[in-house]
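# Descriptive structure summary
Chain by chain, the residues:
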2 protein chains.
Amino acid sequence: MKNKKWVYLFSELDQAMAYVNDDWSALRGLFGGKGANLADMHRIGVPVPPGFTVTTEACNAYLAGGGVFPDDMWDQELHALMAIEEMTGKTFGDGDNPLLVSCRSGAKFSMPGMMDTVLNIGLNDETAKGLIAHTQDPRFVYDAYRRLIQMFGAVVMGIPDEAFETAIEQAKRKAGVATDAELNAQDWEALTQQFKTIFRSRTQVDFPQDPVEQLKMATEAVFKSWNGKRAVDYRNAAGIAHDLGTAVNIVTMVFGNMGDDSATGVAMTRNGATGEPKIEGDYLINAQGEDVVAGIRMTKDIDALATDMPAAYQELQTIATKLEQHYRDMQDIEFTIEKGKLWMLQTRDGKRTAHAAVRIAVDMEEEGLITKAEAVARVAPDQIDFFLHHQFDTKAIAEAHNAGQLLARGLNVSPGAAFGVVAFDADLAESWAKEQGKPVIMVRPETKPDDVHGMLAAKGILTSRGGRTSHAALVARQFGKPAVVGVSALTIDLNKRRMSVGDRVVLEGDWLSLDGNTGEVFTGQLKTMVPDIRDPWLIKLLGWADEIRTLGVWANADYPADAQRAREYGAQGIGLCRSEHMFFESERLPFIQQMIMATLPIERREALKALLPFQREDFAGLFREMDGLPVIIRLIDPPLHEFLPDLVELINELADLKMRVQHAGNLAEVDHLLQQIRTKERIRAQAERLREQNPMLGLRGVRLGIQIPELTIMQVRAIFEAACEVTREEITVLPKVMIPLTSHANELKVQRAVLEAEAKKVMAEQGITIDYKFGTMIELPRAALTADRIAEYAQFFSFGTNDLTQTTFGISRDDAESGFLMGYINHDILPDNPFATLDRDGVGELMRIAVAKGRRTRADLECGICGEHGGDPASIALCHELGLDYVSCSPFRVPIARLAAAHAALKAGAKGK
Amino acid sequence: MKNKKWVYLFSELDQAMAYVNDDWSALRGLFGGKGANLADMHRIGVPVPPGFTVTTEACNAYLAGGGVFPDDMWDQELHALMAIEEMTGKTFGDGDNPLLVSCRSGAKFSMPGMMDTVLNIGLNDETAKGLIAHTQDPRFVYDAYRRLIQMFGAVVMGIPDEAFETAIEQAKRKAGVATDAELNAQDWEALTQQFKTIFRSRTQVDFPQDPVEQLKMATEAVFKSWNGKRAVDYRNAAGIAHDLGTAVNIVTMVFGNMGDDSATGVAMTRNGATGEPKIEGDYLINAQGEDVVAGIRMTKDIDALATDMPAAYQELQTIATKLEQHYRDMQDIEFTIEKGKLWMLQTRDGKRTAHAAVRIAVDMEEEGLITKAEAVARVAPDQIDFFLHHQFDTKAIAEAHNAGQLLARGLNVSPGAAFGVVAFDADLAESWAKEQGKPVIMVRPETKPDDVHGMLAAKGILTSRGGRTSHAALVARQFGKPAVVGVSALTIDLNKRRMSVGDRVVLEGDWLSLDGNTGEVFTGQLKTMVPDIRDPWLIKLLGWADEIRTLGVWANADYPADAQRAREYGAQGIGLCRSEHMFFESERLPFIQQMIMATLPIERREALKALLPFQREDFAGLFREMDGLPVIIRLIDPPLHEFLPDLVELINELADLKMRVQHAGNLAEVDHLLQQIRTKERIRAQAERLREQNPMLGLRGVRLGIQIPELTIMQVRAIFEAACEVTREEITVLPKVMIPLTSHANELKVQRAVLEAEAKKVMAEQGITIDYKFGTMIELPRAALTADRIAEYAQFFSFGTNDLTQTTFGISRDDAESGFLMGYINHDILPDNPFATLDRDGVGELMRIAVAKGRRTRADLECGICGEHGGDPASIALCHELGLDYVSCSPFRVPIARLAAAHAALKAGAKGK
C-alpha cells in the first residue's frame, strides 16, 4: 500500500479523476458528495476556502485495519495541511495568525445519523489569544472557541449536547438576558472555561490543546461514525451498501462575522417558487451562516447586496451563472464574505416547486444549457398534478398542523385540495351548492351511483370506507374532485347528522378542509391556491414530451364534457367510455331499474327502448368531441344489483316501515305505508334474487350481455345510430366496441355475432358505413393466458388492470384497501399498493403473456391499458416496456401520462433527442 | 375406375384387408361396422348366412356421380348374388326354392336416422307360392311377404308406416283378435293384397315383382339415405365427417320360425349384471328375432336350449368362446337356428354393469385373454363409484319416471342414491334420525357450517341454491352423502314448512328420493341397492392400477374417521386437512365466535387457549390413523364472518324480535326479549364490521394468519403438541404445514418465521424432534406466476384448483353454478364445467407455469393438487401430464382416482405392462 494516495487537496482533483478513470460517480464514491463538489468548484475557478479530502478508501482501510490509519495516510494529511498553510498564509497552531479548519464527514450518498461537523479546529488557549490580537474581537473568538469544545465534545467524545446547553442557559439567566446574542465577550470566555471543565469531568481527559491532536481525533471520529448504530440502521433502511465508507473534508474556516465588510448568506440561482431566472436569497452583514438560517436576525434580500457590497455581489452573480453553466441546473448556494472576500461554501441542485421546475427546465433548454430530452427528464410526472388541481398553501398546512386542526388521515385517492361545509347526503350537498352557493364537502360512509349528483355539486368528497378504486375514488378522479376515502378512524352517524374521530365531533354544516394529495383532513378552512394548466412553459414542455414518447395517451371519459377536457389536455383518443355510467343519471335510473324488475320480455324491451335515445345522444356527444380520434365504448359491465338499492338498507327500511304501521295514527296513513311496503318488498325480492356472494366474480360484463342479448343489441344500436348521425354532420367517427370481462374466446365469438348483426342492420337502415373495430378487455387471468385464441375474435385488447389485479392477487379492491392491504404495504409484505402501481411480477407477467400471444395471432393487434394504472408513472413505464400502443387514464392525468410516457421512452433509450 | 372392386363377398375379407393394408379401422370404413363384423365372423369359421357388402366407396361414387352406380358395380353385385345362390343352393326369384336376402345400411359409426333394413327381398307373388310349397307354411310366407312390402314401402319409397299398421289394426278388429299372432294365413294373405294396393295408391307404381329390381332399388335407397336430412343433422351434431359414406350389406335370410327345429335368440357370453363367466340369454322356439325382443311370448332361459337342441347349444357355447377369444371381450350375440342349423347374425362388445365390467376384466386377465394393463383400461374410473354408494335400482328409476314421480333436476354433486322424509332444518333432521331412527333427506335453500350435524344425520341433502363446490356439495362429498344442489325450480318456504315445484307441493315429513348420480329428485321411496367396496375383483383390479400408475393418490380428510376410510380405500397420505372444519363442531363454535367477538387481546387469547386442546386431539387422531404416511394440515382459510350467522338473517331476526317486544304480554317477556336483542345486536355489529363486498377475495387464508398471528401460533402449537404426543406412542408422524391463499412470497416468509419459532418452542418443551415440511397452496394466479420466488420458502406446493379456477376465470363458484355458468355449458360456450374438470388452457397453463418455475428454484419440490378436481378422471390425466406427484381427493373418490391415475399413465405410455 506504500505510496497510495489517501489525501487530495481540492486542487488535486485532476489527479483523482485520473485515478477513477474520469468517472464522476466513482469520484463521488472516493471523495464523498461534499468533497467532490468543493474540489469541482475549485477546478472551475470558483473561490472555495483551501482544503482537502481524506478519501473513503482511507476510511475503509482504517476500519478494515481495526482502527489504525493506513500506512502513510496521516503523513499525507499533515502535508495537505501544510499546503493549506501555504495557500492561506496562516499557520495551524500559530499563536499569531492561526489557521482554523473545519472537519466534516462526506459519504457518496447523504446520510443522516453519521458524525457531521467539527468547526474551528485549531483553536486552543494560545491560538485564541493570537486570534483576539489579530481580530480585536474577543467575543467572536471565545464564542468560536466554546463552539469547538462543544462540537468536539459532542461528536468526537460523545458528550450529550445538553451538558453544554444547560451551562449556556444558566449563564443567560445569570446575565439576565434572553438570547445568546446578548451574551458578551466575558460571558463567552467564562463559558469556554466552564466547557473545558465539563469536558474533563465527562471524559476524564482534558480538552486537547494540541491542534494536530484535535485534527487526528476528529478524523478518526468521522471514520468510526461510519459504523455507528444509527448510520448502519439508516443504510439498512435506505438500501445503501455498507462498504462505501465516508470521506473526511478538512477546509479552512472563513468567517462572515469579522465586521461590516463581512457577511454570510444563502441563495438560489433562480426563483425556486416561480422559476423566474433571477438570483434569489438572503444574507446578513457581520453574521455567521447559522444566523441566516435560524431567523433570529432579520435577513436582507439578496438584491440589497448590490448596494452593500457591489463587488462581492457582482462576483456572486458571475459565480451563480458559472455554476449553472457547469452543473446545468439551478443551484442552491451558501457563501461567506470575509473582510470583503467572497467564498463559496456549498453548491447543490436547488429544490423548487412544480411550477418552477417546469419553467426552469424550459428556460434552460432555450438558453441552450440542456437538451429538450433533459428538460423533459427534469420534471417528475407527478409534479404536473400541481397545475391541475387546487392546492393548499404550504404555509396554511403548517399552521393548521400547529393549530391541531388535523382531524384524520385517509387514502389520497384524488388529488387537489378543497374546503367546504359538511353535508351528509347527496341531495343536501346539491341543494346547498346549487341553491345557496355554498362550497360543500360531501361526507358518506361510502358512495353509490345515486350519490353522483351530490359528488358533482361538492368541492370535495370524504368517505370512511372504500379503497383506491372504490366508487368514491373513481368518480372523484373522473371529475377531478379532491377526495379522501377509507378514513377508518372516522365514525359517521347519519341519523344524528354528525361525525367524530375519537372525542372530536364535526356537525353537518361545519367547515372542513381536505387534501387529496396527502389524504389529510382538517377542521376549518385552509387557504388554497388556484391552478392553471395553460402555463406557457408547461405547454412547451409537454409538447417536447409528445415528441419523445412513443406510447399513445388516451383518456377514460364517459360524458362529452370529460371528452372535451381530455382533448384539451392532449388525449389522443377515448380508451374507455363506461357505457353504463350514463344509466346512473337520475333521469335514466328508473328505466334501468324497470328493465331489471321486468318479469315479462315486453316490459324489458320497453324499458330498453326508453334508454336507447339517451344512450344515442351521449355517444353522439362523445363522437362530436372526439372528431377524428378513436372512441372505445365498453358495453355494460357492472352486475345489475348495483342499480338497485342496497339489500341490507332495504331490509332496515322495511323493518322501519312495518314498525310505523304499528304506530300509524289513521287508516289513510296505514294504506300509504302498506303501499310503500309492497313496492319495497318487490324491489327487495329482486335484489335478493340478484344477490351474489361475490358480485365481483359474478353475473356482469360479457356474461350479462350473453344472458340478456337485448341489452347488447340496444347498446350497439345506440352506438351505431349515434355514429351515423354524427357522420352526417361531416364529423369523422372512429368507434371501437369493447366487450368486458371475457374469460373464454367463445364469449367473444357469441357476442361478436350479435353485435355485427345489429351493426349491419343499423348501417343498412341509415345507409351509412361506419368503420368500426371490435375488441375486448383483458381483465381476467384466463383471458391473458389464452390471448392467442381471444385475438382470433378481437381486433384490439385493452387491459383492465383494476380487475386483473384483483383476480391475479385474489384481493378485492373494495375491501382490501381499507383493510389488510394497507397493513401489507406498511409491513413491507408488498412493495407498493398493486391497485396504484402495476405489480410487475404477477399482473405484468400476465400482460406480457397476453401481448405476446395476442400478437402471435394478430400481428397488428392494438394493445392498451384503461385501468387506474394508466395514469401512474411507474405503471406507464411498464406499459412502455411491454410494448403497449397506448395508456388511457382519467382526463386529469393525461398531462402526467404524456410526461411519464416520455420519461419511459427516454429511460428505454427509444427516441431520446 | 375400370375393374375397381366395389363388392366383396364375406369370404373375400382377405382381399379387402390387403386393399386397406391390413388396417382394421380402414376396413370398417370400407365395409361399415356391420359388414366388417359379419365378414370377420365368417373368416374365423363362425357360421354366418352367406352375403356380401357393397362398399362405402361405391356409395360415395354413386352420390358424387349424381345418383348413378359407378361403372361395373351393379354387375359385381349381381355376381355376388350368384355366388350366394351357389353357396345356399337357392336361386333368387326362383319359383321353387327362392333365395331371400336382407338389405341393410352399415356406416363406420352407428348412425340413427339412416335407412336401416329391408328384409325378405326376393319375395313376389310367384316366389311366395314356391316358398309355400317348400315350407308348407302359408301363414309364415304371407307374413314374410307383407313385411317386405311394408318395409320396402316405408324405407325405399317413403310411405308412412301408419298406412300399413292401420290396415293390420282393421284386420284384427275384423277377425276379433287382439294380437298379430292370432291372425291366420288367410288374414295375412288378404293383408298382403291390401298392402300392394296401399303401395300403388301411395306411389303410383306397383310393388316391384322383379326381385332384382327390388334389390337394386333397396341398394339405391341405402345410398341416398346417407344424405337424408336426419342423417346429416345427426352427423353435424355428433361431429361425424360427411364424406364417409355408407356400405350396403346383402345377407341371405334365415328363419327361426320354420318349425320346432327352428329357434331364435340373443345372448351375452358372460353375465352382464354380475360378470359371472357363464353364457346368459333368452330364446324362442319357432319364432322370429323380433318376437324375442318384443316380449309378446314368454322367452326361455338359454340353459334350456341344452335340452331343447343339445347340438345347437353345444355349437353356440363353442362359438361364444371363439368370439370372446377373437374379440378379447365379452360379446352380445344374436343367433337363429333354421331347421337345426345355427346361424350367427350379429356379435358386438356387450354392455355390462360396473360390477360386471370389473369382474370380466379381472377374469379375462386371469384366463390369459388380456393383459393387466388392458384389464385396467377396460374399466372407466367413474364406474368405481357404483361400488361406493347406494344406487337406485334401474327398474325403480324407470318406474318412477313412468309414474310421474320426477319432481325436479339439479346438480349431481355427490353420488349415490337416498330416500327419506323431508326435514327443513338441521336440528329436526338430527332428532328424527337419531331419536326416531327415520331416514331423513335434509332440505335447505343452502347449507352453512352450523347445518353440518343435520347433514351428518341425514341420508341425503337437497338444496335449491349453490353450485358444485358449494358448502352443501363439499360437505356431502366429504361424508359420502348423496346430494343434489342448485335445484333452481324448487321454492322452499321455511315458515310454512313446505316446498314446491310449480304447483306440486312437498310437506315436511313427506317421502323424497334423490339420485346424486343424475341430479334427479323424486317424490316417494325408490328401491336402492347396497354397495360393497370389498369386491374381490375390484381389489385385484385396483392393485393392478396401483402397479401401473406413477401419480400418488392422497385424500382430503379432516377427521380421524375420514382418514381411516381414506386409508382403507388406498390413500397414500392426507393431502388436505382443513384445520378450521373442526371449529364448526357445535362444542367448538362458541369458542371461535368468542375469539371473533373479542374486543380485548386477553379475551382473544383465552378463546384460542380453549380451542387448543380440541385441535390437538383432532390432529393426534389423524396422525394415529395415518401412521407412517404424510399428513398435510392447512392452517385456517375461511374469512371469520363464516363462523357468524348470516347478516341478512340477523337483521330479519332482530326486526322480528323488536316486533315481538311491541306485542309482549308482560314485562318479564319484554326483559327477556330485550336481552336477546342486545346479544344479537352485538353479533350483528361485528358481522357488519367483518362484512366484505367479495369475501372470496377478502380477509382469509394467510392474510388472516398475518393479521392475527396468535391464531397461527395456536394452530401450530396444536399440530406439534399432537405430533409429539403421537410420536411417543411409537407412531410415525409426518406432518406438513400448509399456508393457504398465498399471493406473494413475502407472505410465506413472514408466516414461516412465526411458525418455525413456535414449532421449535414446542419441540424444545416436549424434547422431541419432528420431521416436518412447510408448504403452500397455489390457488391464486399470482402465486403460480411467481412460483420461483414462492418456492424459496415453500418445500411443497398443493394446487387449490377450486380457488384457482375462480380467480383465473373471475367466476364465483358459489354463484355461477346455479347461475350463468350452466347456461355457458349448455350453449357450448364452455366445453365443461371448469369446477368439475380442470380447464386445460387457462388453469392448466398456470399450473404448468407454476410447476416449471417452482422446480427451477427447488428441483425436488413436491407438487400435488387438493381441489375438487383431484377426484375427476379427466383432471387426473392432466395432473399426470403436468408431472404432479400426487392428487388428493375425498376418501370416496380415492379408488376412482387410483384407476384414473393408471389410465393416465397408460395413455401417456409411461409404464404400461
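Bear in mind that the values here come from a model prediction, so they are computed numbers and not experimental data.

On to the packing of aromatic side chains, then. If you walk through the whole model with that rule in mind, you get 38 aromatic pairs over all chains. When the ring of Phe164(B) is compared with that of Phe195(B), the centres are 4.8 Å apart and the planes differ by 55 degrees; the resulting orientation is tilted. Remark: Phe195(B) occurs in helix α8 (residues 185–203) and Phe164(B) occurs in helix α7 (residues 161–175); sequence separation between them is 31 residues. On the basis of relative accessible area, Phe164(B) is assigned to the buried category, the value being 0%. Aromatic rings pair up to connect Tyr62(A), Phe69(A), Trp74(A) and Phe223(A) into one cluster. The ring of Trp226(B) has Arg235(B) sitting right over it, with the charged end atom 3.7 Å from the ring centre.

This part covers the domain arrangement of chain A. Entries for chain A in the domain assignment read domain 1 (7–251), domain 2 (389–529), domain 3 (549–644 + 696–908) and domain 4 (647–690). For domain 1 of chain A versus domain 3 of chain A, the separation of C-alpha centres amounts to 63 Å.

In this section: the sheet that holds strand β2 (residues 51–54) of chain B. All names here are of chain B. One open sheet holds the 5 strands; their spatial order is β1-β2-β7-β5-β6, and the pairing between them is antiparallel. The sheet is open, and its two borders are formed by β1 (7–9) and β6 (117–121), each paired with just one other strand. Sheet twist, expressed as the mean angle between neighbouring strand axes with direction ignored, is 20 degrees. Taken together, the 3 bridges between β1 and β2 define a ladder with antiparallel strand orientation. Residue Leu-9 lies in a different strand from β2, and its bridge partner there is Phe-52. Lying over the sheet, helix α4 (residues 73–88) contacts β1, β2, β5 (101–107) and β7 (246–252), oriented at roughly 10 degrees with respect to β1.

Okay, the packing of helix α35 (residues 873–881) of chain B against helix α36 (residues 894–907) of chain B next. For any two helices packed against each other, the geometry is given by the interaxial angle and the distance between the axes. Residue and element names in this part refer to chain B. Interhelical geometry of α35 versus α36 gives an angle of 50 degrees and a closest axis separation of 8 Å. Comparing their axes, α36 and α35 come out oblique. Of the two elements, α35 crosses α36, and the hand of that crossing is right-handed. The segment α35 lies against α36, with Pro-873, Ile-876, Ala-877 and His-880 engaging Ile-896, Ala-897, Ala-900, Ala-901, Ala-904 and Ala-905. When the residues that make up the contact of α35 with α36 are grouped by side-chain class, the tally is 9 nonpolar, 1 polar and no charged.

It is common to give the size of an interface as the accessible area that goes away when the parts come together. If you look at the interface, chain B gives 58 residues, while chain A gives 58 residues. Surface buried jointly by chain B and chain A totals about 4800 Å² across both partners, of which 58% is contributed by carbon and sulfur atoms. Summed over the three residues of chain B that lose the most area to chain A, namely Leu697(B), Arg782(B) and Ile829(B), the buried surface amounts to 13% of that side. Summed over the shared surface of chain B and chain A, the number is 4 salt bridges. Residues Asp841(A) and Arg789(B) are paired through a salt bridge, measuring 2.6 Å at the closest nitrogen-oxygen approach. Our count for the chain B to chain A interface comes out at 26 residue pairs in polar contact (both at pLDDT 80 or more). Per-element tally for the side of chain B that touches chain A: the top contributor is helix α24 (residues 647–662) of chain B, with 8 residues. Considered class by class, the residues forming the side of chain B that touches chain A number 24 nonpolar, 16 polar and 18 charged.

To continue, consider helix α7 (residues 161–175) of chain A. Residue and element names in this part refer to chain A. Over its 15 residues, α7 extends 21 Å from the first C-alpha to the last, a length consistent with the 21 Å expected when each residue adds 1.5 Å. Along α7, the residues classified as buried are Ala-163, Phe-164, Ala-167, Ile-168, Ala-171 and Lys-172. Directly after α7, the chain includes Gly-176, whose backbone phi takes a positive value near 70 degrees.

Right, let's get into the relation of the copies chain B and chain A. With an RMSD of 0.5 Å, the fit of chain B onto chain A corresponds to turning through 179 degrees and sliding 0.1 Å along the axis. Interpreted geometrically, this transformation is the action of a two-fold axis. Same-surface contact between copies: 100% of interface residues of chain B are shared with the interface of chain A.

Next up on the list: the UniProt feature "active site" (unreviewed entry) in chain A. All names here are of chain A. Summarizing the sequence annotation, UniProt attributes the feature "active site" (unreviewed entry) to His-471 and Cys-866 in the numbering used throughout. As for the annotated residues named above, the ones lining the largest cavity are Cys-866. Locating His-471 in the fold gives a position in helix α19 (residues 471–478). Look at His-471 and you get partly exposed, because its relative accessible area is 24%.

Next up on the list: the UniProt feature "domain: PEP-utilising enzyme C-terminal" (unreviewed entry) in chain A. According to UniProt, the feature "domain: PEP-utilising enzyme C-terminal" (unreviewed entry) maps to residues 542–904 of chain A in the numbering used here. Counted over residues 542–904 of chain A, helix gives 56% and strand 11%. Its end C-alpha atoms are 14 Å apart.

What counts and what doesn't
Residues numbered from 1 in each chain as written. Chains lettered and ligands numbered in written order. Predicted model: local features only at pLDDT ≥ 70, side-chain atom pairs only at ≥ 80, totals over all residues. Heavy atoms only, no water. Phe/Tyr/Trp six-rings, centres within 6.5 Å; stacked < 30°, edge-to-face > 60°. Helix = DSSP H or I, 4+ residues; strand = E, 2+ residues; numbered from the N terminus. Buried < 20%, exposed > 50% of the residue type's maximum accessible area, 1.4 Å probe, protein only. Lys NZ or Arg CZ within 6 Å of the ring centre and 35° of its normal. Domains from an automatic or database assignment. Pairing = 2+ DSSP bridges. Axes fitted to C-alpha atoms, helices over the stretch in contact; angles between N-to-C directions. Contact = heavy atoms within 4.5 Å. Parallel < 35°, antiparallel > 145°, perpendicular 65-115°, else oblique. Left-handed = near helix turned anticlockwise from the far one by under 90°. Nonpolar A, V, L, I, M, F, W, Y, C, P; charged D, E, K, R; others polar. Buried area = accessible area lost by both parts, 1.4 Å probe. Salt bridge = Lys/Arg side-chain N within 4 Å of Asp/Glu carboxyl O. Polar contact = N/O pair within 3.5 Å; in protein donor to acceptor, adjacent residues only side chain to side chain. Expected span 1.5 Å × (residues − 1). Least-squares fit on C-alpha atoms with pLDDT ≥ 70 in both. UniProt positions renumbered as here; feature names shortened; annotations may be inferred. 1 Å grid on protein atoms, 1.4 Å probe; cavity = no way out; pocket = protein on both sides within 12 Å on 5 of 7 lines; lining within 4 Å.

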